[in-house]
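The primary structure of each chain is shown beneath.
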Amino acid sequence: MRGDEAKAACPQIQLVQVPVARGKADLNLYRSAGSEVVSILAKSGKCERASIDEVYLDLTDAAESMLADAPPESLELIDEEVLKSHILGMNREDGDDFKESVRNWICREDADRRDKLLSCGIIIVAELRKQVLKETEFTCSAGIAHNKMLAKLASGMNKPAQQTVVPYAAVQELLSSLPIKKMKQLGGKLGTSLQTDLGVDTVGDLLQFSETKLQEHYGVNTGTWLWNIARGISGEEVQGRLLPKSHGSGKTFPGPRALKSLSTVQHWLNQLSEELSERLGSDLEQNKRIASTLTLHASAFRSKDSDSHKKFPSKSCPMRYGVTKIQEDAFNLFQAALREYMGSFGIKPQGNKLETWRITGLSVSASKIVDIPSGTSSIMRYFQSQPTVPSRSADGCVQGNVAMTASASEGCSEQRSTETQAAMPEVDTGVTYTLPNFENQDKDIDLVSEKVSALISLYSKAYFRPALEDVVSCPSNEATDVSTQSESNKGTQTKRIGRKMNNSKEKNRGMPSIVDIFKNYNATPPSKQETQEDSTVSSASKRAKLSSSSHNSQVNQEVEESRETDWGYKTDEIDQSVFDELPVEIQRELRSFLRTNKQFNTGKSKGDGSTSSIAHYFPPLNR
């Protein structure tokens, strides 16, 4: 009976109320209790958690070990719990003691190997159930057989706190009268088809059809599977899985509580989606797993015809994480399913006709859950502003920091006084990276993060290096702090550029497009002779910039000239697959830029083979 009915029949009854959350039963406590039981059972062998309170165990190794070391027929004492087992097909004459009959069956010396393994399984499972009761105070029922299908059927035959055994000799007895819909995977359309098309009501009725006949109706694979299950044959193995393969949240609305408007349906879908999102987040945090499919299930009937139980269609879509996104997707799936459901009656669920349907059950579930690959990280983390921290070189020394002002990033022609800058609010949008030594242009850039792609490296090189040259060439009265290594410490210099952004000016202007970075450089690098000449001038000028703040206009002119000849890249050698990891807006800009650049360079001479590749500036990528 339902609770209200039970109270009406027995006013003194004491009913236990399960925890309630979001207007429905909260099964988290029950789910945790199931996990306690699983942790104990998993110690005995391969364990597969099938649901919140159902587990499959593969005890083959444990049974074979027991059969080799201590076979059941050699046991003098057998536990009372073992002797309570229900063995299907066990011969028992009138007046025989039940427990004694069980003992005789277990200890038979003439039994074949399969039954001896089952006898060992009976003893092992009884001990496991006692251990669960002792440690958790929970009772369990068990089915013991040679495959998952038979064990599942047997587990529910004698409840509570009992175990049932299915020897091979008793398989036909078990299946002959079993309703076809009780079999796993036959409770839906396939089971209905067997009833309507072949007149099959019990599993035993399938025995009259040959394998070829079943294959003609349902295909080769399904036909063979039906032929096998009718004989108790199943090759499905126990999977070593302790975590659930899906998450779901649902609620029923029986009788007068049936939902009859879109607003109430949306309300409950929001509640269910919130619970589902919470469980997905917990799974992601604890087990590092993500789901890829969201599915909506519902049960419904027409309000004017309560007997019209035409199945409400289920709908699925790709999973999007986040409470709001799951709520939106779930409601959209329901609306699509409702249109299909009402369309089967020739009715459109629009206007004032919303009262023509009733929803008696709703559920949302997340499936196709997989482990997150190790080392996976979103590329967006490289675009986020991080707290400024000094970087370290390979020898562990903390390198200097370089603070770059907004005016310096645009060129020192826009100079501001120290007092004016100090009075303006600033935002630090610093990015840490490693800058090559000014006196050694042939050394590759050593990125702080090895996982940054070549394209992001190109972004850092193109955007920040010219700005650094501007900053070190600024007059001393600019708010610029430059710290460098001593001359004795040669090699790559790791520095941090902190870009100071004026809130009132630059924020409103917005950040430049990534394409603007490429437009400042030639796609074809200069010749070797030109490069050598310019590098000599550039090296000398850079040393001058660090040692003196005079002749700023001349220094700036040298920087602008060297900026044109610092480096080059081949657009054909840029890895196109890297674009797929970038935001859509940047993907569109870059692809448009590269197409234009390719057309511009069509027909041009490729030179004497001295062209430098962009790959020269970056260490090999870890793929």
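Residues numbered from 1 in each chain as written. Predicted model: local features only at pLDDT ≥ 70, side-chain atom pairs only at ≥ 80, totals over all residues. Heavy atoms only, no water.

Engineer: If you had to explain the side chain of Glu48 to someone new, which residues and values would you point to?
Structural biologist: Secondary-structure assignment places Glu48 in strand 3 (residues 46-51). Residue Glu48 is classed as buried on the basis of its relative accessible area, which comes to 5%. For Glu48, the side chain forms a polar contact with the main-chain nitrogen of Gln239, separated by 2.8 Å. A distance of 3.5 Å separates a polar atom in the side chain of Glu48 from a polar atom in the side chain of Arg241. Setting aside residues no more than four positions away along its own chain, Glu48 makes contact with Glu54, Val55, Tyr56, Lys148, Glu237, Val238, Gln239 and Arg241. (Helix = DSSP H or I, 4+ residues; strand = E, 2+ residues; numbered from the N terminus. Buried < 20%, exposed > 50% of the residue type's maximum accessible area, 1.4 Å probe, protein only. Polar contact = N/O pair within 3.5 Å; in protein donor to acceptor, adjacent residues only side chain to side chain. Contact = heavy atoms within 4.5 Å.)

Engineer: Explain the sheet that holds strand 6 (residues 142-144) to me, using residue names and the numbers behind them.
Structural biologist: Note on sheets: strands pair through backbone hydrogen bonds, and any given pair is parallel or antiparallel. The parallel open sheet is built from three strands, whose spatial order is 5-7-6. The sheet terminates laterally at strand 5 (86-87) and strand 6, the two strands that pair on one side only. Of the strand pairs in this sheet, strand 5 and strand 7 (residues 163-165) are connected by two bridges, and their pairing is parallel. Residue His86 lies in a different strand from strand 7, and its bridge partner there is Thr164. (Pairing = 2+ DSSP bridges.)

Engineer: Break down the environment of Phe334 for me, with residues and values.
Structural biologist: Structurally, Phe334 is set in helix 13 (residues 323-343). Along the chain, Phe334 and Ser316 lie 18 residues apart, while their C-alpha atoms are 9.8 Å from each other.

Engineer: Explain the sheet that holds strand 12 (residues 357-367) to me, and be specific about the residues and the numbers.
Structural biologist: Spatial strand order, 8-12-10-11: four strands in an open sheet with antiparallel pairing. Each edge of the sheet is formed by a strand with only one pairing partner; in this case those strands are strand 8 (247-252) and strand 11 (315-318). Shown here is a sheet whose adjacent strand axes are inclined to one another by a mean of 15°, direction ignored. Where strand 10 (residues 293-302) lies against strand 11, four bridges are found, and the strand directions are antiparallel. The residue of strand 11 that forms the bridge with Thr293 is Pro318. Set on the sheet, helix 12 (residues 262-287) makes contact with strand 8, strand 10 and strand 12; between it and strand 12 the angle comes to about 20°. (Axes fitted to C-alpha atoms, helices over the stretch in contact; angles between N-to-C directions.)

Engineer: A description of the pattern of salt bridges should follow, citing residues and the corresponding values.
Structural biologist: Inspection of the entire model under this criterion finds 20 salt bridges. One salt bridge connects Glu275 with Lys24, and the closest N-O pair in it is separated by 3.1 Å. Of this pair, Glu275 sits in helix 12 while Lys24 sits in strand 2 (residues 24-25), and the two are 251 residues apart along the sequence. The exposure class of Lys24 is buried, given its relative accessible area of 7%. Glu81 is the salt-bridge partner of Lys84, the closest N and O atoms lying 3.9 Å from each other. Salt bridges here are not isolated pairs; linked through shared partners, they connect Glu48, Lys148, Glu236 and Arg241. (Salt bridge = Lys/Arg side-chain N within 4 Å of Asp/Glu carboxyl O.)

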